[in-house]
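What the coordinates show
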Amino acid sequence: MNPSELGRRIKEARLAKKLTQSDVAGTFITRNMLSQIESGAANPSLKTLEYLTSVLDIPIQALMPDGKSEENCGNLDDPLLQKLLNCKRLYSEGEYPKTVRAAEELKDSKLSDEAFAITARSYIAMAEQAEKGGDLSTAADYANRAYEMADKGIYASRDIKTVSALLMNRIAENLGK
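Residues numbered from 1 in each chain as written. Predicted model: local features only at pLDDT ≥ 70, side-chain atom pairs only at ≥ 80, totals over all residues. Heavy atoms only, no water.

**Observations concerning the overall build of the chain**
Selection criterion: Strands are runs of DSSP state E lasting at least two residues, helices are runs of H or I lasting at least four, and both sets are numbered from the N terminus onward. A 1.4 Å probe rolled over the protein chains alone gives each residue an accessible area, and that area as a share of the maximum for its type sets the label: buried under 20%, exposed over 50%, partly exposed in between. Contacts were defined at the residue level, with two residues in contact if any of their heavy atoms lie within 4.5 Å. Under the counting rule used here, the positive set is Lys and Arg, the negative set is Asp and Glu, and His together with the chain ends is not counted. Every charge is mapped to an atom, namely NZ of Lys, CZ of Arg, CG of Asp or CD of Glu.
Broken down by element type, the chain carries 10 helices and 0 strands. Counted from the first residue to the last, the chain has its helices and strands arranged as α-α-α-α-α-α-α-α-α-α. Here the C-alpha coordinates of the chain stretch approximately 55 × 40 × 25 Å along the principal axes. Going through the 177 residues of the chain one by one, you find that 38% of them count as buried. Pairs at least 24 apart in sequence give 54% of the contacts found in the chain among residues at least 6 apart. Positive and negative charge centroids in the chain, built from 24 and 26 side chains respectively, lie 4 Å apart.

Have a look at this one:
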């Protein structure tokens, strides 16, 4: 779906609930970002989309063309969709290395954008865990991988890129001590 149509649907859902942009933005995103999303000037990340559907109390399928989940979100029996759902489950359980391995199977598929996004987030979590464990070299490697993944696909994230750059900087400082 193009950003303009997605933004229009988000705005319609917000207005149907009689909420202001500030009400919906809360502390998760800025009101300005929500305005850009609603106007089609910005594409929300998967995490932001999940947040918006939660605040608006609507299923994500409501934002898809015609609001038909099976037609637009795919068949739940689809092996690719099952692999993505497995990646999400592994990620939510904190199984980051397994998430990265599972996402590898999606990188050359129609779900590659989602694979890149979940892989980048997994690498950030793995880098933070390695840093806490004192393995700074491994932490730096994971942070660098997250940095590289953050630019890929439609869910490219400056936030992940910034977090990974800051993490690499902090690790470099600790390695220098």
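After presenting the structure, the write-up continues.
**What about the side chain of D113?**
Test applied: One side-chain nitrogen of Lys or Arg within 4 Å of one carboxyl oxygen of Asp or Glu is enough to make a salt bridge. Each polar contact in these results corresponds to two N or O atoms within 3.5 Å; when the atoms are within protein, one needs to be able to donate a hydrogen and the other to accept it, and residues that are neighboring in sequence are counted only if both atoms are side-chain atoms.
Tracing the sequence through the fold places D113 in helix α8 (residues 112–132). K152 is the oppositely charged side chain nearest to the buried, salt-bridge-free D113, at an N-O distance of 10 Å. A polar atom in the side chain of D113 sits 3.3 Å from the backbone nitrogen of I154.

**Looking at the packing of helix α1 (residues 3–16) against helix α3 (residues 31–39)**
Going by this rule: Every angle, taken between N-to-C directions, lies between 0 and 180 degrees, and every axis is a line fitted to C-alpha atoms, over only the stretch in contact when it is a helix. The cut-offs work like this: below 35 degrees is roughly parallel, past 145 is roughly antiparallel, 65 to 115 is roughly perpendicular, and the gaps in between are oblique. In the scheme used here, Gly and all other residues not listed as nonpolar or charged are polar, with Ala, Val, Leu, Ile, Met, Phe, Trp, Tyr, Cys and Pro taken as nonpolar and Asp, Glu, Lys and Arg as charged.
Packing of α1 against α3 leaves a shortest axis separation of 6 Å and a crossing angle of 120°. Here α1 is positioned oblique relative to α3, judged by the angle of their axes. Along its contact with α1, which presents P3, S4, G7, R8, I10, K11 and R14, the element α3 presents L34, I37, E38 and S39. Per-class residue counts for the contact of α1 with α3 are 4 nonpolar, 3 polar and 4 charged.

**Re unusual backbone geometry**
Phi at K18 takes a positive value of approximately 60°, unusual for a residue other than glycine. Mapped onto the secondary structure, K18 falls in the loop between α1 and α2 (21–25). With phi around 55°, D57 is a residue other than glycine that occupies positive phi space.

**Here's the deal with the packing of helix α9 (residues 136–149) against helix α10 (residues 158–176)**
Which entries qualify depends on this criterion: Whether a crossing is left-handed or right-handed is set by the direction in which the near helix is turned from the far one by less than a right angle, anticlockwise for left-handed and clockwise for right-handed.
Contact geometry of α9 with α10 gives a least axis separation of 8 Å together with a crossing angle of 155°. The pairing of α9 with α10 is recorded here as roughly antiparallel in orientation. Along this stretch, α9 crosses α10, giving a crossing that reads as left-handed. Touching L136, A139, A140, A143, N144, A146 and Y147 of α9 are I160, K161, S164, A165, L167, M168, I171, N174 and L175, all from α10.

**Structural notes on the packing of aromatic side chains**
Heads up, the rule is: Paired rings are identified among Phe, Tyr and Trp, the last through its six-membered ring, by centres lying within 6.5 Å, and are further divided according to the angle between planes into stacked (under 30 degrees), edge-to-face (over 60) and tilted (the rest). A ring is considered to have a charge above it if a Lys NZ or an Arg CZ atom is located within 6 Å of its centre and within 35 degrees of its normal.
The final tally for this structure, using the stated rule, is 3 aromatic pairs. The interplanar angle of 65° and the centroid separation of 5.4 Å between the aromatic rings of Y91 and Y96 together place this pair among those described as edge-to-face. Residue Y96 is classed as buried on the basis of its relative accessible area of 16%. In this structure, K152 packs its charged tip against the face of F116, placed 5.7 Å from the ring centre.

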